[in-house]
Amino acid sequence: MGSRRRKMIARPTKKATVDGRCPKCTTIVKFSVSGPVGDEIYECTGCMSKFHIDDL
């Protein structure tokens, strides 16, 4: 029997939604949170602008 090579699976990224106030459009919206833990990127669902966690 031959041996099979295993593919390296990428580390899963965190995906969630969070309520908050967007600094650009100044409305309370849901943010889509993505990216690795500690370097999350928040995306406003209203104006589609993206922010790092340090920018908020």
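Conventions adopted
- One numbering rule holds for all chains: residues counted from 1, following each sequence as written.
- Note on the predicted model: pLDDT of at least 70 is required for a residue's local features to be given, and 80 or more for side-chain atom pairs to be given and counted; whole-chain, interface and lining totals, by contrast, use all residues.
- Only hydrogens and water are set aside; all other atoms, that is, all heavy atoms of the structure, feed into the side-chain values.
- The rule for pairing is simple: two strands pair if DSSP sees at least two bridges between them.
- In this description a helix means any DSSP run of H or I spanning at least four residues, a strand means any run of E spanning at least two, and both kinds are numbered starting from the N terminus.
- Just to be clear on terms, a salt bridge is a Lys or Arg side-chain nitrogen sitting within 4 Å of an Asp or Glu carboxyl oxygen.
- A 1.4 Å probe rolled over the protein chains alone gives each residue an accessible area, and that area as a share of the maximum for its type sets the label: buried under 20%, exposed over 50%, partly exposed in between.

A.B. asks: I'd like to hear about the pairing of strand β1 (residues 16–21), residue by residue, with values.
C.D. replies: In regular strands, side chains alternate between the two faces of the sheet. Here β1 pairs with strand β2 (residues 28–34) via 6 bridges, running antiparallel. Its bridge partner lying in β2, G20 is registered against V29. Hairpin connection, β1 to β2: the antiparallel pair is bridged by 6 residues, and T26 has positive phi, about 50°.

A.B. asks: Tell me what's going on with the pattern of salt bridges, and back it up with residues and numbers.
C.D. replies: Using the criterion set out here, one finds 1 salt bridge in the structure. As a salt-bridge pair, K30 and D19 come within 3.2 Å of each other at their nearest N and O atoms. Of this pair, K30 sits in strand β2 while D19 is found in strand β1, placing the two residues 11 residues apart along the sequence. Look at D19 and you get exposed, because its relative accessible area is 54%.

In short, shape yes, function no, at least from these values alone.
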